[in-house]
Amino acid sequence: MRTHDGKRLYPTAVPRRRALLVGAEIASMRSPWPVEDSLDELALLAQTAELEVVGRIFQRLPEPQPKFFIGPGKVKEVAALREQTQADLIVFDDELSPAQTRNLEEELQTQVIDRTGLILDIFARHARTHEGRLQVELAQYQYLLPRLRRQWTHLERQAGTGGTAAGGVVGLRGPGETQLEIDRRLIERRIAWLKDQLADVHRHRELYRQRRRQTGIPVIALVGYTNAGKSTLLNAMTGADVLAEDKLFATLDPTTRQVLLPGNIVALMTDTVGFIQKLPPQLVAAFRATLEEIEEADLLLHVVDVTHRNAQEHAQTVEQTLRELGVDHKPVLTVLNKIDLLEGATAEDVGQIAAEMGLPTDIVAVSAQRGWGLQTLGERIVAMLAQRMVRVDAYIPYQRNDLVALWRQRGVIEVEEFEGDGAHIVGRLPPALAPQFVRFARSSL
């Protein structure tokens, strides 16, 4: 291309890599996801990672094949499709072993990554805080370490002064193996350093949480499938300005904001990283800040995009992930989001949809984008938080109106009567605050 004065223009944008997607439906794994839908989601992940999807292919198998994960005949089909589409990257929808990745790259003569590697790349793009970047780097190195050998295959073929040239004498190794050992040692040191740094961050967070517990402020954690609308709901409930985009893993770092609930109840609401199917638990575990917020929460809001065609599978994935993380004992309120997109749907229709999805009957339907149902949601949150509070009957003198104000802000007042020199109050208080009222209590349960 040339300008009007004849000067040549050169493109400066980095061309997007061309990706070919490969999936497998494994009978023994019994996934509730059809392979086509899983590949659709993989395509969205690829687009989030700024890849250009140029094709897809899948195979149904009773068991994964040890050498290539898919069958050798299908590998040849992938090679032919790669040549036809000029793809320079093959993305598998399942996690591959290091040996399978190495075998596939040797057979296909191009780079091969799996779903976990793709998600790690997205995490690296979206981590904003210092802690988030540390967590991403740690997860990347832990993923890379067992796959390190394939980075140096060109050197492993050189025997140098030892190796095969020396008849396999122990202690005489080629330069490839030496370089591999150096790299592995450097990565192990980096992993140890990252863990130390994250331990320091954890200690600081724990001090903050201890102070937070002492205030008795309830904590509400938003959980759900990625792109279910958690960040939009946080913004709508708290007036925050958290990034909310229509893409997978738009929010990575946990964000906590104060929310004022009906009855002037103050609480903290935390937006956590979204879950996704086929996400290894150890990858979720790398984001300890998110897990700690879920573990500390008094209530979980499970946000479900009710309009998604795989909403039932999304909900099941979140529930399974919570079980794997050992936090399924927490009280959960299911929030069906995006009901504004269900044109003409009545409350009965939404309830029927929830029943067909196997969700609890105790649900709240909202549109975080339009602000529909948020008042009802706030009232339900207050009611569920009250169930975890301690019931107290106390007579508080007027000189301690600070305690009355604290009760109004942190607890639930059911009866308030003014008698003589003080106020007779019956209601509920967070367990952390109840000891401050013991001396004024008439009775407690």
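Because the structure is a prediction, the values reported are computed rather than measured.

About the cut-offs
- Residues numbered from 1 in each chain as written.
- Predicted model: local features only at pLDDT ≥ 70, side-chain atom pairs only at ≥ 80, totals over all residues.
- Heavy atoms only, no water.
- Helix = DSSP H or I, 4+ residues; strand = E, 2+ residues; numbered from the N terminus.
- Buried < 20%, exposed > 50% of the residue type's maximum accessible area, 1.4 Å probe, protein only.
- Areas by Shrake-Rupley, 256 points an atom, 1.4 Å probe, with all protein chains shown as cover.
- Contact = heavy atoms within 4.5 Å.
- Pairing = 2+ DSSP bridges.
- Axes fitted to C-alpha atoms, helices over the stretch in contact; angles between N-to-C directions.
- Core = buried A, V, L, I, M, F, W, Y, C linked by side-chain atoms within 4.5 Å.
- pLDDT = per-residue confidence, 0-100.
- Parallel < 35°, antiparallel > 145°, perpendicular 65-115°, else oblique.
- Nonpolar A, V, L, I, M, F, W, Y, C, P; charged D, E, K, R; others polar.
- 1 Å grid on protein atoms, 1.4 Å probe; cavity = no way out; pocket = protein on both sides within 12 Å on 5 of 7 lines; lining within 4 Å.
- Points joined across faces, edges and corners; volume = space filled by probe spheres on them.
- Salt bridge = Lys/Arg side-chain N within 4 Å of Asp/Glu carboxyl O.
- Phe/Tyr/Trp six-rings, centres within 6.5 Å; stacked < 30°, edge-to-face > 60°.
- Lys NZ or Arg CZ within 6 Å of the ring centre and 35° of its normal.

**Some words on the overall build of the protein**
Link 1 in the chain: Within the protein one finds 14 helices and 14 strands.
Link 2 in the chain: Relative to its full complement of 445 residues, the protein shows a buried share of 48%.
Link 3 in the chain: Here the protein has roughly 22,300 Å² of accessible surface; of this, 50% comes from carbon and sulfur atoms.

**A look at the environment of Asp328**
Link 1 in the chain: Turning to its location among the elements, Asp328 is positioned in the loop between helix 11 (311-324) and strand 9 (332-337).
Link 2 in the chain: Distance from Asp328 to Leu300, taken between C-alpha atoms, is 9.6 Å for residues 28 residues apart in sequence.
Link 3 in the chain: Ignoring sequence-local partners within four residues, the contact set of Asp328 consists of Leu322 and Arg323.

**Notes on the sheet that holds strand 4 (residues 111-114)**
Link 1 in the chain: With respect to topology, 4 strands assemble into an open sheet ordered 2-1-3-4, the strand pairing being parallel. For this open sheet the edge positions go to strand 2 (52-61) and strand 4, each flanked by a neighbour on one side alone. On average, each strand axis in the sheet is inclined to that of its neighbour by 20°, with strand direction left out of account.
Link 2 in the chain: Of the pairings in the sheet, the one linking strand 1 (residues 18-26) to strand 2 comprises 9 bridges and is parallel in character. Along strand 2, the bridge assignment pairs Ala19 with Val53.
Link 3 in the chain: Relative to the sheet, helix 2 (residues 72-85) contacts strand 1, strand 2 and strand 3 (89-92), its axis offset from that of strand 2 by approximately 165°.
Link 4 in the chain: Contacting strand 3 and strand 4, helix 3 (residues 98-108) crosses the sheet at an angle of about 145° to strand 4.

**Observations concerning the sheet that holds strand 8 (residues 299-305)**
Link 1 in the chain: With mixed pairing, the 6 strands of this open sheet are ordered in space as 6-7-5-8-9-10. Taken across any chain shown, the strands that pair with only one partner, and hence form the sheet edges, are strand 6 (255-261) and strand 10 (363-365). Mean inter-strand twist for the sheet, computed between neighbouring axes without regard to direction, equals 30°.
Link 2 in the chain: Where strand 5 (residues 219-224) lies against strand 7 (residues 265-271), 4 bridges are found, and the strand directions are parallel. Bridging across to strand 7, Leu222 finds its partner in Asp271.
Link 3 in the chain: Its contacts with the sheet place helix 13 (residues 374-387) against strand 5, strand 6, strand 7, strand 8, strand 9 and strand 10, and it is angled at close to 170° to strand 9.

**Regarding the nonpolar core**
Link 1 in the chain: Within the largest apolar cluster, 42 residues are counted, with the highest numbers of intra-cluster contacts made by Leu45, Leu51, Val91, Leu118, Ile119, Phe249 and Phe275.
Link 2 in the chain: Top contributing element to this core by residue count: helix 1 (residues 35-48), with 6 residues.
Link 3 in the chain: Core analysis: the second largest hydrophobic core is formed by 26 residues, Met237, Val259, Leu301 and Ala368 among them.

**Side note on the confidence of the model for the protein**
Link 1 in the chain: The predicted model of the protein has a mean per-residue pLDDT of 83, with 86% of residues at 70 or higher.
Link 2 in the chain: Confidence, read as mean pLDDT per element, is least for helix 6 (residues 153-156) in the protein (43) and greatest for strand 3 (96).
Link 3 in the chain: Counting contacts from residues 150-173, a segment whose pLDDT is below 50, to residues more than four positions away or on other chains yields 33 contacts.

**Considerations on the packing of helix 8 (residues 230-238) against helix 13**
Link 1 in the chain: The interhelical angle for the contact between helix 8 and helix 13, taken along N-to-C directions, is 85°, at an axis separation of 11 Å. If you check the angle between helix 8 and helix 13, you find them roughly perpendicular. Here helix 8 contributes Leu233, Ala236 and Met237 to the contact with helix 13, which in turn contributes Leu374, Leu377 and Ile381.
Link 2 in the chain: Of the residues belonging to the contact of helix 8 with helix 13, the class tally is 6 nonpolar, no polar and no charged.

**With respect to the layout of surface pockets**
Link 1 in the chain: Of the voids in this model, the largest pocket is the one considered here, and its volume is about 630 Å³.
Link 2 in the chain: Around the largest pocket, the lining is made up of 30 residues, and of these Ser31, Pro32, Gln277, Lys278 and Gln320 lie nearest the centre.
Link 3 in the chain: For the lining of the largest pocket, the secondary structure elements donating two or more residues are strand 1, helix 1, helix 4 (115-126) and helix 11.
Link 4 in the chain: Examining the composition of the lining of the largest pocket, we find that 7 residues originate from one element, helix 11, more than from any other.
Link 5 in the chain: Taken together, the residues of the lining of the largest pocket sort by class into 12 nonpolar, 8 polar and 10 charged.
Link 6 in the chain: Reported here for the second largest pocket is a volume of approximately 450 Å³.
Link 7 in the chain: Along its surface, the second largest pocket is lined by 21 residues, and Gln111, Ile113, Gly117, Asp121 and Tyr143 are the ones closest to its centre.
Link 8 in the chain: Within the residue set of the lining of the second largest pocket, elements represented by two or more residues are strand 4, helix 4 and helix 5 (130-144).
Link 9 in the chain: The element contributing the most residues to the lining of the second largest pocket is helix 4, with 5 residues.
Link 10 in the chain: Classifying every residue of the lining of the second largest pocket gives 9 nonpolar, 5 polar and 7 charged.

**Notes on the pattern of salt bridges**
Link 1 in the chain: The full count for this structure, using the stated rule, is 27 salt bridges.
Link 2 in the chain: Close ionic contact of Arg125 with Asp121 constitutes a salt bridge, the shortest N to O distance being 2.9 Å. In this pair, Arg125 and Asp121 are both assigned in helix 4, 4 residues apart and thus about one turn of the helix distant.
Link 3 in the chain: Taken together, the shared-partner salt bridges in this structure form one network comprising Glu41, Asp93, Asp94, Arg115 and Lys278.

**A few points about the pairing of strand 7**
Link 1 in the chain: Within strand 7, 7 of the 7 residues are buried, which leaves the element mostly enclosed by the surrounding structure.
Link 2 in the chain: Burial along strand 7 is two-sided: Ile265, Ala267, Met269 and Asp271 and Val266, Leu268 and Thr270, pointing in opposite directions, are all buried.
Link 3 in the chain: In terms of strand pairing, strand 6 meets strand 7 through 7 bridges, oriented antiparallel. The residue bridging Thr256 from the neighbouring strand is Thr270, located in strand 7.

**Thoughts on the packing of aromatic side chains**
Two numbers describe a pair of aromatic rings. These are the distance of the centres and the angle of the planes.
Link 1 in the chain: Overall, the coordinates contain 2 aromatic pairs when judged by the stated rule.
Link 2 in the chain: Considering the side-chain rings of Trp33 and Tyr225, the 6.1 Å spacing of their centres and the 25° angle between planes classify their relative orientation as stacked. A residue pair is termed long-range when its members are at least 10 positions apart, and Trp33 in the loop between strand 1 and helix 1 and Tyr225 in the loop between strand 5 and helix 8 qualify at 192 residues.
Link 3 in the chain: Consider the rings of Trp407 and Phe437, whose centres lie 5.2 Å apart with planes at 70°: the pair is edge-to-face. Taken as a pair, Trp407 in helix 14 (residues 401-410) and Phe437 in the loop between strand 13 (422-429) and strand 14 (441-444) lie far apart in primary sequence, 30 residues in all.
Link 4 in the chain: Judged by its relative accessible area of 0%, Trp407 falls in the buried class.
Link 5 in the chain: On the basis of relative accessibility, which here comes to 1%, the residue Phe437 falls in the buried class.
Link 6 in the chain: For Arg147, the ring lying beneath its charged end belongs to Tyr143, and the centroid distance is 3.9 Å.

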